[in-house]
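An overview of the molecular structure
Next come the chains, spelled out residue by residue.
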Amino acid sequence: MQTEDIQIRIEDDRTGLEIETLKRAILDNLFYIQGKFPEIATLNDYYMALAYTVRDRLIHRWLISSQTYTKVQPREVCYLSAEFLMGPHLGNNLINLGIYDRMRQAVQELGLNFEALLEQEEEPGLGNGGLGRLAACYLDSMATLDIPSVGYGIRYEFGIFDQDIHDGWQVEITDKWLKNGNPWEIARPEWAFEVKFGGRTERYTDEKGRSRVKWIPDRMVQGVPYDTPILGYETSSTNTLRLWSAQAVESFDFRAFNAGDYYGAVGNKVFSENLSKVLYPNDEQIQGKQLRLEQQYFFVSCSLQDMIRTHCDRRGLPISIFHEKFTVQLNDTHPAIAVAELMRLLLDEHGIEWDQAWHITQSTMAYTNHTLLPEALERWAVGLFGSLLPRHLEIIYEINGRFLNEVRLRYPKDDERIRRMSIIDESGDRYVRMANLATLGSYSINGVAELHTQLLKQDVLHDFAEMYPERFNNKTNGVTPRRFMVLSNPRLTKLITSKIGDHWIRNLQELRQLESFVEDLEFRSEWRQIKLAIKRDLANYIQEQNGIEVNVDSIFDIQAKRFHEYKRQHLNVLHIITLYNRLKANPNLDITPRTFIFGGKAAPGYQMAKLIIKLINSVADVVNSDPDVRDRIKVVFLKDYNVKFAQRVYPAADLSEQISTAGKEASGTGNMKFSMNGALTIGTLDGANIEIREEVGAENFFLFGLTASKVSQIKAKGYDPMQYYIANSELKAAIDRINSGFFSKGDTALFKPLVGSLMYQDPYLLFADYQSYIDVQTQVGEAYRDQDHWTRMSILNTARMGKFSSDRSIREYVKEVWKIDPLKICPPNEPCSIH
Ligand code: NBG
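Scoring rules and cut-offs
Residues numbered from 1 in each chain as written. Predicted model: local features only at pLDDT ≥ 70, side-chain atom pairs only at ≥ 80, totals over all residues. Heavy atoms only, no water. Domains from an automatic or database assignment. Contact = heavy atoms within 4.5 Å. Buried area = accessible area lost by both parts, 1.4 Å probe. Pairing = 2+ DSSP bridges. Helix = DSSP H or I, 4+ residues; strand = E, 2+ residues; numbered from the N terminus. Axes fitted to C-alpha atoms, helices over the stretch in contact; angles between N-to-C directions. Buried < 20%, exposed > 50% of the residue type's maximum accessible area, 1.4 Å probe, protein only. pLDDT = per-residue confidence, 0-100. Core = buried A, V, L, I, M, F, W, Y, C linked by side-chain atoms within 4.5 Å. Expected span 1.5 Å × (residues − 1). Polar contact = N/O pair within 3.5 Å; in protein donor to acceptor, adjacent residues only side chain to side chain. Parallel < 35°, antiparallel > 145°, perpendicular 65-115°, else oblique. Nonpolar A, V, L, I, M, F, W, Y, C, P; charged D, E, K, R; others polar. Salt bridge = Lys/Arg side-chain N within 4 Å of Asp/Glu carboxyl O.

Turning our eyes to something else, we now look at the domain arrangement of the chain. What the domain assignment reports for the chain is domain 1 (14-72 + 88-121), domain 2 (74-86 + 123-192 + 220-381 + 434-476) and domain 3 (487-708 + 770-804). Of note, the centres of domain 2 and domain 3, computed from C-alpha atoms alone, are 33 Å apart. Taken residue by residue, the interface counts 38 residues in domain 2 and 39 residues in domain 3. Counting each side, the surface lost to burial between domain 2 and domain 3 is near 3100 Å², with a carbon and sulfur contribution of 57%.

Below, the discussion takes up the sheet that holds strand 25 (residues 702-703). Reading across the sheet, the 6 strands line up as 22-21-20-23-24-25 and stay open at both edges, with parallel pairing between neighbours. For this open sheet the edge positions go to strand 22 (633-638) and strand 25, each flanked by a neighbour on one side alone. The strands touched by helix 33 (residues 787-799) are strand 23 (655-658), strand 24 (680-683) and strand 25; relative to strand 24, the strand with the most contacts, the crossing angle is about 85 degrees.

Within strand 1 (residues 76-80), 5 of the 5 residues are buried, leaving the element largely enclosed by the surrounding structure. Covered by surrounding structure in strand 1 are Glu-76, Cys-78 and Leu-80 together with Val-77 and Tyr-79, the residues of both alternating faces. By the bridge criterion, 5 bridges tie strand 1 to strand 13 (residues 326-331) in an arrangement that is parallel. Note on strand 13: the bridge partner recorded for Leu-80 is Leu-330. Relative to strand 4 (residues 149-154), strand 1 runs parallel, the two being bridged by 4 bridges. Paired with Tyr-79 across the bridge in strand 4 is Gly-151.

Further remarks concern the confidence of the model for the chain. Per-residue pLDDT for the chain averages 96, and the proportion of residues at 70 or more is 97%. Of all the helices and strands in the chain, helix 8 (residues 254-258) carries the lowest mean pLDDT, 64, while strand 23 carries the highest, 99.

Paired through backbone hydrogen bonds, the strands of a sheet run either parallel or antiparallel to each other. Taken together, the 3 strands give an open sheet; going across it, the order is 15-17-16, and neighbouring strands pair in antiparallel fashion. The open sheet has two free edges, formed respectively by strand 15 (379-381) and strand 16 (424-425), since each of these has just one partner strand. The pairing of strand 15 with strand 17 (residues 431-433) spans 3 bridges and is classified as antiparallel. Bridge pairing in strand 17 places Arg-379 opposite Arg-433.

Once that is clear, we can look at the nonpolar core. In a soluble, globular protein the nonpolar side chains are often hidden away together inside. Core analysis: the largest hydrophobic core is formed by 182 residues, its most contacted members being Leu-80, Phe-298, Phe-385, Phe-702 and Phe-767. Two domains each provide a minimum of three residues to this core, namely domain 2 (74-86 + 123-192 + 220-381 + 434-476) and domain 3 (487-708 + 770-804). When near neighbours in sequence (up to four residues on either side) are disregarded, Leu-80 contacts Tyr-152, Phe-299, Val-300, Ser-303, Met-307, Val-328, Gln-329, Leu-330, Asn-331, Pro-335 and Ala-338. Grouped together as the second largest cluster of nonpolar side chains are 86 residues, Ala-41, Val-479, Val-552 and Met-801 included.

So, on to helix 22 (residues 521-546). Its 26 residues give helix 22 an end-to-end C-alpha distance of 37 Å, which sits within 8% of 38 Å, the value for a rise of 1.5 Å per residue. The backbone nitrogen of Glu-522 has a side-chain oxygen 3.0 Å away, supplied by the residue at the start of helix 22, namely Asp-520. Once helix 22 finishes, Gly-547 follows within two positions and takes phi at roughly 65 degrees, a positive value.

At a closest axis distance of 9 Å, the pairing of helix 12 (residues 338-349) and helix 15 (residues 390-410) adopts a crossing angle of 100 degrees. The orientation of helix 12 with respect to helix 15, classified from their angle, is roughly perpendicular. Contact residues: Val-339, Ala-340, Glu-341, Met-343, Arg-344, Leu-347 and Asp-348 in helix 12; Arg-391, His-392, Ile-395, Ile-396 and Ile-399 in helix 15. In terms of residue class, the contact of helix 12 with helix 15 is built from 7 nonpolar, 1 polar and 4 charged.

The next thing to look at is the pattern of salt bridges. Summed over all chains, the structure comprises 66 salt bridges. Residue Arg-212 pairs with Asp-206 through a salt bridge whose shortest N-O separation is 3.0 Å. Taking the relative accessible area as the measure of exposure, Arg-212 reaches 14% and is therefore buried. Under the relative-accessibility criterion, Asp-206 is labelled buried at 8%. Two residues, Arg-433 and Asp-425, come together in a salt bridge whose shortest N-O distance is 3.7 Å. Here Arg-433 falls in the buried class, since its relative accessible area comes to 19%.

Dropping the structure here:
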């Protein structure tokens, strides 16, 4: 039967948006899905009933979308990412459906607490930080802009660990996000694929007399897709996030079972399921573990097989035009094995000749680079790679051999260049360089902010940019205003909308209209009152969480991001200690009160980052209880920074700390989220900070520190941090204070690794930037005293952030990289002939 022939009967209680219908639907789901009478239902039961009520309203749009794609056969983007840091779905879906307020009322009329139900959702933390959250923002924007797309990734059973703090130290706790069930996903075991590992290859001659290769693996795993609908804002387009879960091909090895080896029989099952068990918690640091390569290959292979099945089987199209219907965006090198896997599928499974296979592959893939840090550039030992993926290693050798011949023709006798451009690093032990593979296999290569792309072309991928300049382009990151303004800052959203209407939510450039209200006294006062109210909420949360009382009139000075030396949370700490020293020397000193707030996780194996967390907590203990300080400074470390928590923090900030060493932060996206919510930035000329400053105006941005080129110059000359320590008495006093054991109950050994690294190496130039940072912080303190002026700057920050909507980023990808047309989806129950 053709699906078009089926008249789908609309069940009103599943799609209706009226308050009475919503109430009925929640109770219905409580009864039939959760199987509970209200008397014994838990908060979680109500959350589930509510979530299913919302999901029901997505399903019809989702099915119409997928049916439309099947019919129209548009070109689609497949966004391949090892991480999707989605954050809670419920609130966001309510915003995008346009029923947030109505649903709140329905829930309240049922006598339930709406906020408590939203809080109940365990967020899917399937990512580490910026890279994973960017993928989530891009899914929101692609759906909002009606771009047919699929997000492909891994359904980790345990996402990023939960962070607890014991005695000032980070403690990691497993993230059991699935323990109460996940109402947003639908398993599709009937669409599973098999993925091979290990073994060997064999040559044979096919029926047409051609030489072909067969891969004989030594083990096999099954990937089962779990689909989550991704609805756009005020549109019916509902795309799919398809995450693969690993399962054993045969749960039981019956031979072993019958032989009485029960444990042996389930061994394979346990082994296979380990594959998607846990997210690697390293941000910008590779570990080189085999399981990680297995994860990467696993999800890439499932995803490519899935696309090919859609193309050939479901749509009946020839494989030769695969690249016309699909484009794959590689989110960093984590899915870069896709280049070799697509080649393998085309050559070995579809019998395509090499040149055509390479043409299809190179016309399909596009690669986004997210880091220049050498420790984050992925490479795999050739031995490990070959034992896991023997056929892929052969293919990579062949790609490399052909490519290096071209390089030799273009640049004769330039052996150094050959060595640099080779996919195989042969400078010592041999490695497969994933960035080279991704670059070579892609028709587009982009960085994530202007400076980053420029450095990428100058440095890490210089030779490639010289040989293929037309493939390189910049796509400055963006973030979705739906989650990071509308959902997380309803008060500001209401004020803005009361002045300029609500079109800014789809077209963020319209925030510019706020500029004409800057001179409006009442508007400024409302703006200030809102910030104050939000700060009060955060202050209550801090009181609850940390038992610390903070002054809401103080500057909320916030640094919230992963802990990494290049992000320089410890530079922030040096400022705190400097202020503290000044107050100790002069207890009557008049300084603008500040509350320093930190949030963020450290990779479990990154000792230095963990020590910086311990230092912050140690400084907090001393400063917060010193009577000399008299509440002029407070230090707060808020544990377990995640998306849910980020939504609470961005709106409450007065000052956003974006203080990485210039040239190290590829873009940053937290910088955008703070500024959109009216925080001012203190920052270096790094990543997207540069573009934010250009947009908001130099006079509304606190700039300090060396430029990226100055940083390289100083390093090239031989940087000696000790010189700064000797010459700068305040810097020396701050360092000495840590060294003396003052913050560690007399233990002078505790912070030695940190202080030693600063005094003798200081790889991220804290000492070189110290004075400039302190001076500009003094200006911040002074500026804050003029509340009226500060408010103007705050308004202008929000008003001028239009560029940093992820809608803008996605529009650029669509136009300049993917070349895809939007496809409008008919709303359910309405006659329509749009697409
Ligand atoms: C991170 C960069 C950030 C950037 C995000 C998103 C990695 C490898 N890179 O600066 O450090 O904002 O990617 O592009 O996680």
